[in-house]
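# Structure at a glance
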Amino acid sequence: MDGQGASKQGEKDSAQVSSADWIAEVSHELRLPIANIKLLIETLLNGALDDKAIATRMLMRAQSEAERLQSLVSDLLSVEQLASARSEVQAEWLPLRKRAEYALESTSKLAKESAVKVELKIPNDFRVYANPTQLDQVLLNLLENAIKFTPAKGQVTIRAGEKEGVFSVEDTGVGMPSQEIPKIFQRFYRIDRAKTRGSTGLGLSIVKHILDLHGAKITVSSQEGKGSIFLLEFPSPKWARSYASE
Ligand SMILES: Nc1ncnc2c1ncn2[C@@H]1O[C@H](COP(=O)(O)OP(=O)(O)O)[C@@H](O)[C@H]1O
Ligand SMILES: [Mg+2]
């Protein structure tokens, strides 16, 4: 099966690390926010509490470090669940528009706060053959990124309909340099760590893993200062393909 071939390849890229390496990598990522929180508390206890403005700033830093820890733990659970469910995807035909509307709901607060407009250009009858929970996870991660990396008054579009199984998440945001594009799917990778303090760098590695399980492809095109396009191609199930070509 085509999908299985793609999935094996993907496992080699993103999941086939020894558990010792994995634990080292994860503890390194967890250690940093913990060390930062400890340092902030120590500084507060050693006198910084007396200056209200400084104390508030430090507490806000500590809060964002704690939020990163929280996101890390939930993303790590996703990675772990995906790794154990690796062998077989329970897929079905899903109306993309409906699934995208769920993702839109979950990100509406973020979009409103960032003054970014999100538009769905998806025909009502457009379907994707995928696992529902995992497709939701893909849409949510891509939509969240698109909104997060788009300045106020920008626009995010989920577009589908030209080809079966093919859709894209597009934004008019900050974009990225072409040499960074291959790295963004690596675990914990963030292009600008300082600007993405609360985030984990795990989202796209989870997306890639899910797409590999489905034998689906993702292509990124991006221009700095102009925006990015994440193009996804989900294969139709084998039985539907042979049915169509007969
Ligand atoms: N739509 C986008 N526009 C610009 N950069 C992006 C976009 N999506 C992802 N990136 C870059 O890829 C990195 C990795 O993304 P991801 O794995 O989702 O991690 P996170 O969102 O936690 O930072 C981001 O930190 C960012 O640098
Ligand atoms: Mg993300």
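One can find the structure itself at the top, above this paragraph.
The rules behind these values
- Residues numbered from 1 in each chain as written.
- Chains lettered and ligands numbered in written order.
- Predicted model: local features only at pLDDT ≥ 70, side-chain atom pairs only at ≥ 80, totals over all residues.
- Heavy atoms only, no water.
- Phe/Tyr/Trp six-rings, centres within 6.5 Å; stacked < 30°, edge-to-face > 60°.
- Helix = DSSP H or I, 4+ residues; strand = E, 2+ residues; numbered from the N terminus.
- Buried < 20%, exposed > 50% of the residue type's maximum accessible area, 1.4 Å probe, protein only.
- Salt bridge = Lys/Arg side-chain N within 4 Å of Asp/Glu carboxyl O.
- Near = heavy atom within 4 Å.
- Polar contact = N/O pair within 3.5 Å; in protein donor to acceptor, adjacent residues only side chain to side chain.
- Areas by Shrake-Rupley, 256 points an atom, 1.4 Å probe, with all protein chains shown as cover.

In this section: the packing of aromatic side chains. The geometry of two aromatic rings is summed up by the distance between their centres and the angle between their planes. Summed over the entire model, instances satisfying the criterion amount to two aromatic pairs. Their ring planes at 65° and their centres at 5.3 Å tell us that W93 and Y129 sit as a pair that is edge-to-face. With W93 in strand β1 (residues 92–95) and Y129 in strand β3 (residues 127–130), this pair connects stretches of sequence that are 36 residues apart. Residue classification places W93 among the partly exposed positions, given a relative accessible area of 23%. Under the relative-accessibility criterion, Y129 is labelled partly exposed at 21%.

Before going further, it helps to examine the pattern of salt bridges. Close approach of charged atoms allows side chains with opposite charge to pair. All chains considered together, the criterion is met by nine salt bridges. Between D136 and R99 there is a salt bridge, and its shortest N-O distance comes to 2.8 Å. Highlighted residues: D136 in helix α5 (residues 132–148) and R99 in helix α4 (residues 96–113), separated in sequence by 37 residues. With a relative accessible area of 22%, D136 lands in the partly exposed category. Measuring nitrogen to oxygen at the nearest pair gives 2.9 Å for the salt bridge that ties K208 to D212. Here the residue K208 and the residue D212 both occupy positions in helix α6 (residues 203–214), the gap between them amounting to four residues, near one helical turn. Of the residues examined, K208 reaches a relative accessible area of 21% and is grouped as partly exposed.

As a matter of local geometry, ligand 1 sits amid 20 residues, with N145, K148, D171, G201 and L204 nearest to it. Here an oxygen atom of ligand 1 and a backbone polar atom of T200 are 3.0 Å apart. Measuring from an oxygen atom of ligand 1, one finds a backbone N or O atom of G203 at 3.3 Å. Look at ligand 1: alone it shows 540 Å² of surface, and the protein chains cover 96% of it. For the shell around ligand 1, the elements supplying multiple residues, two or more each, are α5, α6 and β7 (227–233). Broken down by element, the residue count for the shell around ligand 1 peaks at three residues, all from α5.

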